[in-house]
Amino acid sequence: MAAVAGKVPRIKLGSEGLEVSKQGLGCMGMSSNYGPPKPEPDMIKLIHHAIDSGVTFLDTSDVYGPHTNEILIGKALKGGLREKVQIATKFGISKTDGKIEIRGDPEYVRACCEASLKRLDVDCIDLYYAHRIDSRVPIEVTVGELKKLVEEGKIKYIGLSEASASTIRRAHAIHPITAVQAEWSLWTRDLEESIVPTCRELGIGIVPYSPLGRGFFSEGPELFEKLQEGDMRKNFPRFKAENLENNRRVFERVREMAARKGCTTAMLALAWVHHQGDDVCPIPGTTKLENFNQNIEALSVKLTPEEMAELESYASNEVVRGDRHANMENTWINSETPPLSSWKAK
């Protein structure tokens, strides 16, 4: 892997030709879900700094805001920066009057893509994900529409987020899937049993979101005390009082090891994700320049197999308490879809 801007290597994501920086930038928190939207000029400055540093893989979604995060990225890429980046965005989560609906029907897929192209102010989306899997629609139908969008030049590559191994296989049979996005961090490892091996068998890249445990491995349990109104993490079981005190011990052990390694807990936790392989591109999100720079430095932290095993023992399933998400029914564990024959019969 060759270095970019002296800091960030490049990798091939999947087997279809997409090349990205080995670390991406999750942009969600700039606009929504983790408290109020951050000042637009500051976020554009951060995105520009990321690109200058060699982080060119930008992750967003139409539901972030909703819509405002895509608009922000579109503004940030004015002035010739579009050709320097790879934009990943998503469809599939519809919010109406506070209610969430997961949709993967062809009409919705196409309408979302057209709208995202306008908000981003681009001619083509590099990587377009199904953000969540609609369990009412055969995955072949959803991916079939995405395949048409590829053929029309509106998207380059297809991705899935929070999809089970069997759903990934069915999707890949319709059109090659370039990347699967899933939550993966020291304390979230439920994808390792079947999803990771399936992706590797099929030549699909893996994009871990929340690789810092939604900020837990950056700030520890004190993070919860700082969460503002509107921060979705307030509802996450792992951050609830009955689980947080137990999980504090996880952070403390990671902090002790980080001190021995001469790095921060965030750098250590992120380095662990990077050491999963060269087909892995984590997308840590941040709204602060100093945190971004620290995340870049994680690429230089080297871990031995023994250190990897030690870290994993600190945050095993037996140790960590609480589900990783407040809505587990909307994760890969509920992403099976009906057979294609059921759709044709309609």
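As shown above, the structure is provided for reference.
Residues numbered from 1 in each chain as written. Predicted model: local features only at pLDDT ≥ 70, side-chain atom pairs only at ≥ 80, totals over all residues. Heavy atoms only, no water.

Participant: How would you explain helix H3 (residues 106-120) if you had to name every residue and give the values?
Facilitator: Residue pairs spaced three or four apart in an α-helix point in one direction, given the helix's 3.6 residues per turn. When the terminal C-alpha atoms of H3 are compared, their 21 Å separation across 15 residues agrees well with the 21 Å that a helix rising 1.5 Å per residue should span. Taken as a whole, H3 has its buried residues at Pro-106, Tyr-108, Val-109, Cys-112, Cys-113, Ser-116, Leu-117, Arg-119 and Leu-120. Along the axis of H3, the buried positions cluster into a sector of 165°, meaning they face one direction only. Exposed side chains of H3 directed beyond 90 degrees from the buried face belong to Glu-107 and Lys-118. Just downstream of H3, Asp-121 is the residue with a positive phi angle, here 60°. (Helix = DSSP H or I, 4+ residues; strand = E, 2+ residues; numbered from the N terminus. Expected span 1.5 Å × (residues − 1). Buried < 20%, exposed > 50% of the residue type's maximum accessible area, 1.4 Å probe, protein only. Arc of directions from axis to C-beta.)

Participant: Give a description of the pattern of salt bridges that names residues and reports values.
Facilitator: Counted under the stated rule, the structure contains 31 salt bridges. With a shortest N-O distance of 2.9 Å, Arg-324 and Glu-162 are connected by a salt bridge. Of the two residues, Arg-324 is situated in the loop between helix H12 (305-314) and helix H13 (340-344) and Glu-162 in the loop between strand E10 (155-161) and helix H5 (165-174); the sequence distance between them amounts to 162 residues. The burial state of Arg-324 is the same as that of Glu-162; both residues are buried. Note that Lys-226 and Glu-219 form a salt bridge whose closest N and O atoms lie 2.7 Å from each other. Each of Arg-110, Glu-114, Glu-145, Lys-148, Glu-152 and Lys-154 takes part in a single network of salt bridges with overlapping partners. (Salt bridge = Lys/Arg side-chain N within 4 Å of Asp/Glu carboxyl O.)

Participant: Tell me what's going on with unusual backbone geometry, and back it up with residues and numbers.
Facilitator: Pro-66 follows Gly-65 through a cis peptide bond whose omega is 0°. Positive phi values are uncommon outside glycine, yet His-67 reaches one of about 80°. One can find His-67 in the loop between strand E5 (57-59) and helix H2 (68-76). By relative accessible area, which is 35% here, His-67 ends up partly exposed. A positive phi is found at Asp-121, a non-glycine position, where the angle reads about 60°.

Participant: How would you sum up the sheet that holds strand E12 (residues 205-209)? Please name residues and give values.
Facilitator: In spatial order, the strands read E4-E5-E6-E9-E10-E11-E12; together these seven strands make up an open sheet with parallel pairing. Since the sheet does not close on itself, it has two edges, and those belong to strand E4 (25-26) and E12, each with one partner. Relative to E5, E4 is paired through two bridges, and the arrangement is parallel. Its bridge partner lying in E5, Leu-25 is registered against Leu-58. (Pairing = 2+ DSSP bridges.)

Participant: Mind laying out empty space enclosed by the protein, listing which residues take part and the relevant values?
Facilitator: Empty pockets left among the atoms are what a rolling probe the size of a water molecule brings to light. According to the stated counting rule, one finds two cavities of 30 Å³ or more in the structure shown. Of the pockets and cavities examined, the largest cavity occupies roughly 50 Å³. Phe-91, Arg-103, Gly-104, Ala-130, Arg-132, Ile-133, Asp-134, Val-137, Ile-139, Thr-142 and Thr-337 are the residues that line the largest cavity. Across the lining of the largest cavity, the residue classes break down as five nonpolar, three polar and three charged. Empty space within the second largest cavity amounts to approximately 30 Å³. Counted by class, the lining of the second largest cavity contains three nonpolar, one polar and five charged residues. (1 Å grid on protein atoms, 1.4 Å probe; cavity = no way out; pocket = protein on both sides within 12 Å on 5 of 7 lines; lining within 4 Å. Points joined across faces, edges and corners; volume = space filled by probe spheres on them. Nonpolar A, V, L, I, M, F, W, Y, C, P; charged D, E, K, R; others polar.)

Participant: Can you explain the packing of H3 against helix H4 (residues 139-151)? Please cite residues and give values.
Facilitator: Packing of H3 against H4 brings their axes to within 9 Å, and their N-to-C directions diverge by 40°. As for how H3 packs across H4, the hand of that crossing is right-handed. Note on element contacts: H4 touches H3 through Val-141, Thr-142, Glu-145, Leu-146, Lys-148 and Leu-149, opposite Pro-106, Val-109, Arg-110 and Cys-113. (Axes fitted to C-alpha atoms, helices over the stretch in contact; angles between N-to-C directions. Left-handed = near helix turned anticlockwise from the far one by under 90°. Contact = heavy atoms within 4.5 Å.)

Participant: Let's hear about the nonpolar core: which residues, and what values?
Facilitator: The biggest cluster of nonpolar side chains holds 88 residues, and the ones touching the most others in it are Leu-25, Ile-47, Leu-160 and Leu-311. With eight residues, the top contributor of residues to this core is helix H10 (residues 265-274). If we skip the residues at most four places from it in the chain, Leu-160 touches Tyr-129, Ala-130, Ile-133, Ile-139, Thr-167, Ile-168, Ala-171, Ile-177, Ala-179, Val-180 and Gln-181. Core analysis: the second largest hydrophobic core is formed by 14 residues, Leu-18, Phe-57, Leu-127 and Cys-281 among them. (Core = buried A, V, L, I, M, F, W, Y, C linked by side-chain atoms within 4.5 Å.)

Participant: Tell me what's going on with the pairing of strand E8 (residues 99-102), and back it up with residues and numbers.
Facilitator: Taken together, the four bridges between strand E7 (residues 93-96) and E8 define a ladder with antiparallel strand orientation. Bridging from a neighbouring strand, Lys-95 pairs with Ile-100 of E8. Remark: two residues form the turn of the hairpin made by E7 and E8, two consecutive strands paired antiparallel; Asp-97 in that turn has positive phi of roughly 50°.

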